[in-house]
Amino acid sequence: MKKFIRFCFKGLGITVLILFALDLLFTGVMQEATPRTKYQFLRQLKNKHINYIFIGSSRVDNGIVPEVIQKKTGKSSVNLGFQASKMNDLYTMLQLINAYKISYDTLYVQIDYNYNLKGCSNMMKYEIMPFIHENAATRHYAHTQLADDPLLFYMPFYRYAQNDLKIGVREFLMNCVGKKTFVSTTQGYNSLEGSHTTHGYRLPKKLAPKNTTFEAMKTYIKTHNMRVRFFCAPFCLNVNNKAYLLQLKQRIPELIDFSAVVPNDHLFNNCAHLNDAGANYFTRYFVEHELQKSSKLQ
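Residues numbered from 1 in each chain as written. Predicted model: local features only at pLDDT ≥ 70, side-chain atom pairs only at ≥ 80, totals over all residues. Heavy atoms only, no water.

So, the sheet that holds strand β5 (residues 256-257)
Sheets are built from strands paired through backbone hydrogen bonds, the pairs being either parallel or antiparallel.
Alright, step 1. One open sheet accounts for 5 strands, arranged β2-β1-β3-β4-β5; its pairing is parallel. With one partner strand each, in any of the chains shown, β2 (77-79) and β5 form the two edges of the open sheet. (Pairing = 2+ DSSP bridges. Helix = DSSP H or I, 4+ residues; strand = E, 2+ residues; numbered from the N terminus.)

Right, here's the structure in full:
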């Protein structure tokens, strides 16, 4: 019996050591590899200065072209939009930008129907997972957004095994061989092709009475003296419930409303997302009506 118990403890000890080793190996590779994900790209900006940073959902991810900003202004910019981002994710991004000591001139934050949304982006959750022990912001994210499964934070290698399709062996090997994605060449911009001119979209009928995360964001911005400007990205011409945007503007008077500045539905992949031609059009418009205007006022 004693031999069996020793055998079990020995087996358990070896298993734990293997899990620790695999965790260190996977995490180390993803820390040092050429960025494949938007989050790895964000980490690479540590201690750097960027003139303009854009954060938001896929409407930023697919809608702001840093190369256009560079060509028209001579200044640097990055697109840190995450697919399906909600207010919790935007708040996390503000904290991460400070945690990684990324300095900037202006930080632009997309606010529109995401004001009404709760929860967090699954895409961001998968991408942040390898780095959840890295700093106070990632640890806070783990303890709040991943609280339903504490083993993701506390058990070595569990997060990789549990999310194998996103950050498992295949992604590990792609990082090992330096397989690149769009983020390494476009400063975070993710282009869409094709257009849908008859694809309607319904904004919420009513603005949520209150968004406590947004209020916390504003407090955080003020406390950390962050230069932040809120903006609404474009929608197609036949978007429904436009009164929602008027309510949002009343709630956030400083919101810059670009919801109707793209005049042709052929420039949209769908009603809420610009295609590549539309993203280039909108970015040029943004430069001329916001960046150059703000630059003259400084």
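From this point on, the discussion continues.
Some points on the pairing of strand β3 (residues 103-110)
Here is the key point about a regular strand: its side chains alternate between the two faces of the sheet.
Alright, step 1. Counting buried residues along β3, 6 of its 8 residues qualify, which places the element largely inside the surrounding structure.
Alright, step 2. Here strand β1 (residues 49-55) runs beside β3; their pairing, made up of 6 bridges, is parallel. Across the sheet, the residue bridging to Ile-55 is Val-109, located in β3.
Alright, step 3. As judged from the 4 bridges shared by β3 and strand β4 (residues 228-232), these two strands associate in the parallel manner. If you follow Leu-107 over to β4, its bridge partner there is Val-228. (Buried < 20%, exposed > 50% of the residue type's maximum accessible area, 1.4 Å probe, protein only.)

Some details on the packing of aromatic side chains
Alright, step 1. The final tally for this structure, using the stated rule, is 24 aromatic pairs.
Alright, step 2. Judged by centre distance (5.6 Å) and plane angle (70 degrees), the ring pair of Phe-258 and Phe-282 falls under edge-to-face. Note that Phe-258 is positioned in the loop between β5 and β6 (268-270) and Phe-282 in helix α15 (residues 276-297), a separation of 24 residues in sequence.
Alright, step 3. With a centroid separation of 5.1 Å and an interplanar angle of 45 degrees, the aromatic rings of Phe-258 and Phe-286 are classed as tilted. Separated by 28 residues along the polypeptide, Phe-258 in the loop between β5 and β6 and Phe-286 in helix α15 bring together distant segments of the chain.
Alright, step 4. The class for Phe-286 is buried, based on a relative accessible area of 0%.
Alright, step 5. The rings of Phe-54, Tyr-108, Phe-231, Phe-258, Phe-282, Tyr-285 and Phe-286 are connected pair by pair, giving a single aromatic cluster.
Alright, step 6. Over the ring of Phe-235 we find Arg-59; its NZ or CZ atom is 3.8 Å from the centre of that ring.
Alright, step 7. Taking NZ or CZ as reference, Lys-125 lies 5.8 Å from the ring centre of Tyr-126, over its face. (Phe/Tyr/Trp six-rings, centres within 6.5 Å; stacked < 30°, edge-to-face > 60°. Lys NZ or Arg CZ within 6 Å of the ring centre and 35° of its normal.)

Remarks on the state of the cysteines
Alright, step 1. All chains considered together, the criterion is met by 1 disulfide.
Alright, step 2. Here Cys-236 is linked by a disulfide to Cys-271, with a sulfur-sulfur distance of 1.8 Å. Because the torsion about its S-S bond is -70 degrees, the bridge between Cys-236 and Cys-271 counts as left-handed. Of this pair, Cys-236 sits in the loop between β4 and α14 (243-251) while Cys-271 sits in the loop between β6 and β7 (273-274), and the two are 35 residues apart along the sequence. (Disulfide = S-S within 2.5 Å.)

Some details on the nonpolar core
Alright, step 1. Ranked by internal contacts, the top residues of the largest apolar core, which has 85 residues, are Ile-53, Ile-55, Leu-107, Ile-111, Tyr-115, Phe-230 and Phe-231.
Alright, step 2. A per-element tally of this core places helix α5 (residues 87-99) first, with 6 residues.
Alright, step 3. Other than its neighbours up to four places away in sequence, Tyr-115 contacts Met-87, Leu-207, Ala-208, Lys-210, Asn-211, Phe-214, Tyr-244, Leu-248, Arg-251 and Ile-252. (Core = buried A, V, L, I, M, F, W, Y, C linked by side-chain atoms within 4.5 Å. Contact = heavy atoms within 4.5 Å.)

Quick word on the packing of α5 against helix α7 (residues 136-145)
Alright, step 1. Contact pair α5 / α7: the axes reach a minimum separation of 9 Å and the direction vectors enclose 155 degrees. With respect to α7, the axis of α5 lies roughly antiparallel. Here α5 contributes Asn-88, Asp-89, Thr-92, Gln-95, Leu-96 and Ala-99 to the contact with α7, which in turn contributes Ala-137, Thr-138, His-140, Tyr-141 and Gln-145. (Axes fitted to C-alpha atoms, helices over the stretch in contact; angles between N-to-C directions. Parallel < 35°, antiparallel > 145°, perpendicular 65-115°, else oblique.)

Examining the pairing of β1
Alright, step 1. Of all 7 residues in β1, 6 are buried, a share of seventy percent or more.
Alright, step 2. The sheet contact formed by β1 and β2 spans 3 bridges and is parallel. Each bridged residue has a counterpart across the sheet, and for Tyr-52 the counterpart in β2 is Ser-77.

Brief notes about the pattern of salt bridges
Side-chain pairing between opposite charges can occur once the charged atoms of the two side chains come close.
Alright, step 1. All chains considered together, the criterion is met by 9 salt bridges.
Alright, step 2. We note a salt bridge from Glu-134 to Arg-43, for which the minimum N-O separation is 2.8 Å. One end of the pair, Glu-134, is in the loop between α6 (122-128) and α7; the other, Arg-43, is in helix α2 (residues 38-44), and 91 residues separate them in sequence.
Alright, step 3. Note on Glu-134: relative accessible area 27%, which makes it partly exposed.
Alright, step 4. Assessed through its relative accessible area of 16%, Arg-43 is described here as buried. (Salt bridge = Lys/Arg side-chain N within 4 Å of Asp/Glu carboxyl O.)

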